[in-house]
Structure formats: structure tokens, C-alpha cells
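# Structural overview
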Amino acid sequence: MAHKFNVIGAYAELIARAALHANGWKSVGSCDASEAHDIQARHPVTDEWRTFQCKTIHVREDRRGEYKVPGKKSNGSVYTKSDADLFIGVLVGDGEGPKVWTFANREITEYWGPQSGAGKEWTELPLNLDRATLHQAEVAM
């Protein structure tokens, strides 16, 4: 059986891609292992390419359940903007099903979630397919 962190990471990336599709992003795809980012997609309105680093959100029970996403690579260096434009964080295993947020890469070591003062720039991406959102994206093109 695969290591549980590999399974969780693969699941999180699938959920992240589904959330991007559900919110009108186009040409959503995974990247090769040689790329620093995990996902690339075209913005639903501007049609510009954006790159995403997908991370599983950690719930910090010692900090009133605040969400945290690590901004460092396995070698300890931070993800630069040339590595990924945005982060896409996936909360798994909270009992309600997965939840997804996206936020700008600010080249820092950790990002704190929407319930903290520092996480106001997190945007939740609903997983339900909203046909009105998709229609608005088509009209804007």
C-alpha cells in the first residue's frame, strides 16, 4: 500500500483540480514531476495561465483550530513566485468533506488560514458545480 502521505497528497490534488473546474478555471492540468508547481490552469475571466502549488491544510488544535499551510519545499527553501503563482490548500478529513482555498504566493514559510487575521486573502473555492458561475465566465470571454 502507498504511504499515507502520498495518498493524502494525491487526493488533495484531485480535489484541488475539481474545485478549479467547478469555479470556471480552464485547461486545468497536473504538471510533470520536474516542475516546481503541481497544477496549471487558465483564469476563468482573463484566460491567463496560473500555476498552483497544492498543499494539505494542517489544523492547529494548539491555536484554536486555525489552519496552516507550509510554504517551504522539502529542502527547506520557500516557494518563490517563479515556482508557483498561487497556493491551493485542501482541508481533508474534517468530517464535512473536503474544502479548498486559494491564495497568493507571498514567498513566506507558512500561511495562516481565513479564520486568522493574516488569512483574509484566502478565497474559498466551492466544490459544487455552479452553472451560473460558468455562464458568467463564458459571457466575459
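Up top is the structure.
A brief structural summary. The shown structure was predicted, so the numbers you read here are calculated from the model rather than taken from an experiment.

## Regarding the layout of surface pockets
If you add up the space inside the largest pocket, you get close to 440 Å³. Looking at the largest pocket, it is lined by 17 residues, and the ones nearest its centre are Phe5, Gly9, Cys54, Lys55 and Thr56. A total of six residues in the lining of the largest pocket trace back to one element, the largest contributor, which is helix H1 (residues 4-22). Here the lining of the largest pocket is composed, by residue class, of nine nonpolar, four polar and four charged.

## Here's the deal with the environment of Ser27
Secondary-structure assignment places Ser27 in strand S1 (residues 26-30). Sequence separation between Ser27 and Asp47 is 20 residues, and the spatial gap between their C-alpha atoms is 9.7 Å. If sequence neighbours within four positions are ignored, Ser27 has contacts with Gln40, Ala41, Arg42 and Trp49.

## Things to note about the pairing of strand S3 (residues 49-56)
Where strand S2 (residues 39-42) and S3 come together, four bridges link them in antiparallel fashion. Its bridge partner lying in S3, Gln40 is registered against Thr51. Hairpin connection between S2 and S3: a loop of six residues separates the two successive antiparallel strands, and Asp47 in this loop has a positive phi of roughly 70°. Pairing between S3 and strand S6 (residues 86-91): five bridges, direction parallel. Note that in S6 the partner of Lys55 across the bridge is Gly89.

## Digging into the sheet that holds strand S4 (residues 58-60)
Taken in spatial order, the three strands make up an open sheet running S4-S5-S8, and their pairing is antiparallel. Pairing within the sheet leaves two strands with one partner each, and these edge strands are S4 and strand S8 (110-112). The average undirected angle you get between the axes of adjacent strands in this sheet is 35°. One ladder, built from three bridges, connects S4 with strand S5 (residues 66-70); its direction is antiparallel. Residue pairing across strands places Arg60 opposite Glu66, the latter belonging to S5.

Basis of the calculations
Residues numbered from 1 in each chain as written. Predicted model: local features only at pLDDT ≥ 70, side-chain atom pairs only at ≥ 80, totals over all residues. Heavy atoms only, no water. 1 Å grid on protein atoms, 1.4 Å probe; cavity = no way out; pocket = protein on both sides within 12 Å on 5 of 7 lines; lining within 4 Å. Points joined across faces, edges and corners; volume = space filled by probe spheres on them. Helix = DSSP H or I, 4+ residues; strand = E, 2+ residues; numbered from the N terminus. Nonpolar A, V, L, I, M, F, W, Y, C, P; charged D, E, K, R; others polar. Contact = heavy atoms within 4.5 Å. Pairing = 2+ DSSP bridges. Axes fitted to C-alpha atoms, helices over the stretch in contact; angles between N-to-C directions.

Spatial relationships are all this shows, so hold off on functional conclusions.
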